[in-house]
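The lines below spell out each chain.
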Amino acid sequence: MAQWIKTWMDDGWRAEVLAWVDMACEAYSLKRIGTLQDASSSIRAKHLRVPTDAGTLFFKAVAPGQLFEPPVTAAAATLAPDRLVMPLAIDPERGWMLSPDYGATLDELATTPELWARALGALGTLQREVVDSEEALFDAGLQIQDPAWIPEEFNNALTLHASLPAEHPLGIPARDADHAFSAYKDIEEACAQLIAGPIPLSLEHGSFDRRRVFAPTDGQTAPRILNLGDAHWAHPFASLARPIERMRIDFRSPADDPRIMAAIGAYLSAWDDYGSPDELYELVAPALRISPLHTHETWLQLLADADEPALRRWAPKVLEPLASLATASA
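Now for a look at the structure at hand. (Residues numbered from 1 in each chain as written. Predicted model: local features only at pLDDT ≥ 70, side-chain atom pairs only at ≥ 80, totals over all residues. Heavy atoms only, no water.)

**Focus on the packing of helix H6 (residues 150-163) against helix H12 (residues 284-302)**
Argument step 1. Here H6 crosses H12 at 50°, and the two axes come no closer than 11 Å. If you check the angle between H6 and H12, you find them oblique. Like other packed secondary-structure pairs, H6 and H12 cross with a definite hand, here left-handed. Contact with H6, carried on its side by Ile-150, Phe-154, Ala-157, Leu-160 and His-161, involves Ile-290, Leu-293, His-294, His-296 and Leu-300 of H12 and no other residues of that element.
Argument step 2. Tallied by class, the residues present in the contact of H6 with H12 amount to 7 nonpolar, 3 polar and no charged. (Axes fitted to C-alpha atoms, helices over the stretch in contact; angles between N-to-C directions. Helix = DSSP H or I, 4+ residues; strand = E, 2+ residues; numbered from the N terminus. Parallel < 35°, antiparallel > 145°, perpendicular 65-115°, else oblique. Left-handed = near helix turned anticlockwise from the far one by under 90°. Contact = heavy atoms within 4.5 Å. Nonpolar A, V, L, I, M, F, W, Y, C, P; charged D, E, K, R; others polar.)

Shown next as structure tokens:
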């Protein structure tokens, strides 16, 4: 168990959270009307429900490797207030965030192709709206994954893992590193396509799926997006990797299923000032090709402060993206 998870189980920590939550509620003239209720816990974050006289609020404490999430969320929500959940309060040093409730997320509903299309359309619109905000989000702590750097970073990642002792959870044998390096040319070509394309870098969500978006309450309301813990400033189309994977499961279909293609089309339509969906679709495949490197970076950062048991348990999450790149090149 990671050390920070042990902290989240401590009564003293919970008392500190309670005091902070009450102070935040008081600032908004809200009153807590019950005890903090456990919602969920993982290596990434601890979630608590906060009952108040104005409805339920949600408290989130993030892992040390994702301390950027509260300030990045606040900064991004300031830039696009109708697209994201604006926290009521954040504590950047402790990685705490208190947010309002916007109802059900898509994973709580019978998901339809139409909901997926609206969700992806909202994601594309959010990314399109913040393309000129790199400096603000970088200052808030968002890391950059520029396709111009990714081939070298891929090489550096393999060198790092191959240089670790064989018994280290993140170590890989030299022969496996050589095998993974067979993907280098494909990655380089994918990055070259993205660099040559018209789409600028933007907020790449990193883990967009049905749990990461509140369902729209009517036909006009835009879905609100949440959970930026896996986000980067990168090629935005890489955000399609998780949704396409999830839709294939939802619809039990291949990626070229008309329902999936319609949702991708809704996403690409948000970028119509850069080209038609048909023209921009050519950039989807190279963006998906490099998306595992974003995942690798996220997990490497998340486990930077992990203790030995947690490192051994979660190390495959760091290494699997690299293995998937090599498999795709085979």
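**Considering the packing of helix H9 (residues 241-251) against helix H10 (residues 258-269)**
Argument step 1. Here H9 crosses H10 at 150°, and the two axes come no closer than 10 Å. Helix-helix and strand crossings are classified by hand; for H9 and H10 the assignment is right-handed. In this structure, H9 uses Ile-244, Met-247, Arg-248 and Phe-251 to contact H10, whose residues at the interface are Arg-259, Ile-260, Ala-263 and Ile-264.
Argument step 2. Looking at the contact of H9 with H10 residue by residue, the classes come out as 6 nonpolar, no polar and 2 charged.

**Focus on the pattern of salt bridges**
Argument step 1. Within this structure, the stated rule accounts for 16 salt bridges.
Argument step 2. Here Arg-94 ties to Glu-16 by a salt bridge, and the two come within 3.6 Å at their closest N and O atoms. Of this pair, Arg-94 sits in the loop between strand S4 (89-91) and strand S5 (96-100) while Glu-16 sits in helix H2 (residues 11-27), and the two are 78 residues apart along the sequence.
Argument step 3. Judged by relative accessible area, Arg-94 falls into the partly exposed class, the value being 36%.
Argument step 4. Assessed through its relative accessible area of 43%, Glu-16 is described here as partly exposed.
Argument step 5. Between Arg-211 and Asp-209 there is a salt bridge, and its shortest N-O distance comes to 3.0 Å.
Argument step 6. Overall, Arg-211 belongs to the partly exposed group, its relative accessible area being 42%.
Argument step 7. Salt bridges sharing partners connect three or more residues here, namely Asp-209, Arg-211, Arg-212 and Arg-242. (Salt bridge = Lys/Arg side-chain N within 4 Å of Asp/Glu carboxyl O. Buried < 20%, exposed > 50% of the residue type's maximum accessible area, 1.4 Å probe, protein only.)

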